Amino acid sequence: MSQSWKPLPDDLSEPARRLAEELRAVKDAHRISLAELGKRTYLSKASWERWLNGKRLITPQALAGLIATVECDADLLTSLLRKAEAARDADEVLSSEAARDADEVLSSEATHDTDEALSPAPAPAAPAEAPDAAPASPRPAPWRRPAAGVGAAVAAVLILFAALYLRGPHGGNGTASAATLPPKTAAATAAATAGPAPLCEGVGCAGKDPQDMRCDVDQRTLLTGNVGKVVLYVHYSPRCRAAWSGITDGSPGDSATITTNHGWQETALIHWGYDNYSVMVDASPGDTTLQVCGHQKDGDNCTGVVTDPAARASALPSPPPPAAAPTPTPTPTPTP
């Protein structure tokens, strides 16, 4: 059903604004309510409200669920999400660099002021005894941050921005642990089950990263839950027969832990940004049950318990197939 939308926030980047507008158009074109949209994608109504009103950038998993559920321009939405993620990451880098640069300036100026306060007062100048006496040395000018340092800082930020854009969104948060890496782009998440073969199965996937093992290619979101505004996810790969937790719309320090009735347990902890996912647990036994519990400063909560994850996954829509790679055009050989 079409509706009168609230104005989008003024501070949205252009790609994020276009993405929110396209998502709204998809919802209006299919005449579905937020509740129905949440039901079809197995995500919460509150999450869709935030994504459609530009309060948060939609997650790759949520976009993949939308693309699998309704008819829409998958290539356009995926491209806009990738650009919006790159713009968001660049803003975070610029904000971090600016804050650090300001701290350095304040620290240096405070040190300079302290040194001046502690330095002994200059002795009064003796009266000149001869007309050709040398003039007193002028007082040094106050310390100022060299312009070259500022230019170097700006250049470093620009280099970082270029590197982030070329590497694509979520290039990593600087830690070596695969468990702390943020999710892939929507294009990778939306890959079809006919994609590259997974590199592990069942207990062999336990403790491993679902992206590294290619288990995210056919992942299904079996269930979601909320801790306040934080969204919890139960992810499952039919081919890998393994599961993992996900968390979005959170803050650094928030976590989501997945457990099974066979004693497996792994935690997704947000180190920076607002989302993350865990490494995998074995979900191959036929009697496996899965549950994700979240923890944040406002309290704790858990999703429902998923029984028979394989059967539940088979009832969900498959991820959409990836776009075919364009055939390269051969370069003609020049005629001598």
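Every value quoted in this text rests on a predicted model; they were computed, and no experiment measured them.

Cut-off values and rules
Residues numbered from 1 in each chain as written. Predicted model: local features only at pLDDT ≥ 70, side-chain atom pairs only at ≥ 80, totals over all residues. Heavy atoms only, no water. Core = buried A, V, L, I, M, F, W, Y, C linked by side-chain atoms within 4.5 Å. Buried < 20%, exposed > 50% of the residue type's maximum accessible area, 1.4 Å probe, protein only. Helix = DSSP H or I, 4+ residues; strand = E, 2+ residues; numbered from the N terminus. Contact = heavy atoms within 4.5 Å. Arc of directions from axis to C-beta. 1 Å grid on protein atoms, 1.4 Å probe; cavity = no way out; pocket = protein on both sides within 12 Å on 5 of 7 lines; lining within 4 Å. Points joined across faces, edges and corners; volume = space filled by probe spheres on them. Disulfide = S-S within 2.5 Å.

**Q** Break down the nonpolar core for me, with residues and values.
**A** Leu-19, Leu-23, Trp-48, Ile-58, Leu-63 and Leu-66 are the most contacted members of the largest nonpolar core, which has 29 residues in total. Within the residue set of this core, elements represented by two or more residues are α1 (14-30), α2 (34-41), α3 (45-52), α4 (60-69), α5 (74-118) and β2 (230-237). When residues of this core are assigned to their parent elements, the largest contribution, five residues, is made by α1. Those residues in contact with Leu-23, other than ones at most four positions away along the chain, are Leu-52, Ile-58, Leu-63, Leu-66 and Leu-77.

**Q** Pulling in residues and values, what's your account of α2?
**A** Along α2, the residues that are buried comprise Leu-34, Leu-37, Gly-38 and Thr-41. All buried residues of α2 project into a common sector of 100° when viewed along the axis, lining one side. Summarising the contacts, the buried residues of α2 are in contact with α1, α3 and α4. In the stretch just after α2, Tyr-42 is the one whose phi turns positive, near 60°.

**Q** Got a sec to walk through the layout of surface pockets? Specific residues and values, please.
**A** When its volume is computed, the largest pocket comes out at roughly 390 Å³. Looking at the largest pocket, it is lined by 18 residues, and the ones nearest its centre are Leu-12, Ala-16, Gly-54, Leu-57 and Arg-88. Counting only elements with at least two residues in the lining of the largest pocket, the list comes to α1 and α5. By residue number, the principal contributor to the lining of the largest pocket is α1, which donates four residues.

**Q** So what's going on with the environment of Lys-6? Residues and values would help.
**A** Inspection of the secondary structure assignment puts Lys-6 in the segment before α1. The contact partners of Lys-6, leaving out residues within four places of it in the chain, are Arg-24 and Asn-53.

**Q** Can you tell me about unusual backbone geometry, naming the residues and giving the values?
**A** If you check the backbone angles, Arg-31 has positive phi at about 50° while not being a glycine. Note on placement: Arg-31 falls in the loop between α1 and α2. Here Arg-31 falls in the exposed class, since its relative accessible area comes to 62%. Even without being glycine, Arg-214 reaches a positive phi, approximately 65°. Along the chain, Arg-214 turns up in the loop between α7 (186-189) and β1 (220-227).

**Q** Could you give an account of the state of the cysteines, with specific residues and numbers?
**A** One pass over the full model with this rule turns up three disulfides. A disulfide bridge connects Cys-215 with Cys-240, and the sulfur atoms are separated by 2.1 Å. On the sign convention where negative is left-handed, the bridge of Cys-215 and Cys-240, at about -95° about the S-S bond, is left-handed. With a gap of 25 residues between them, Cys-215 in the loop between α7 and β1 and Cys-240 in the loop between β2 and β3 (242-248) connect regions that are remote in the sequence.

**Q** Account for α3, with residues named and values stated.
**A** Every buried residue of α3 is accounted for by Ser-47, Trp-48, Arg-50, Trp-51 and Leu-52. Contact partners of the buried residues in α3: α1, α2, α4, β1 and β2. One or two residues past the end of α3 sits Gly-54, with phi positive at roughly 70°.

Taken by themselves, the reported measurements are silent on function.
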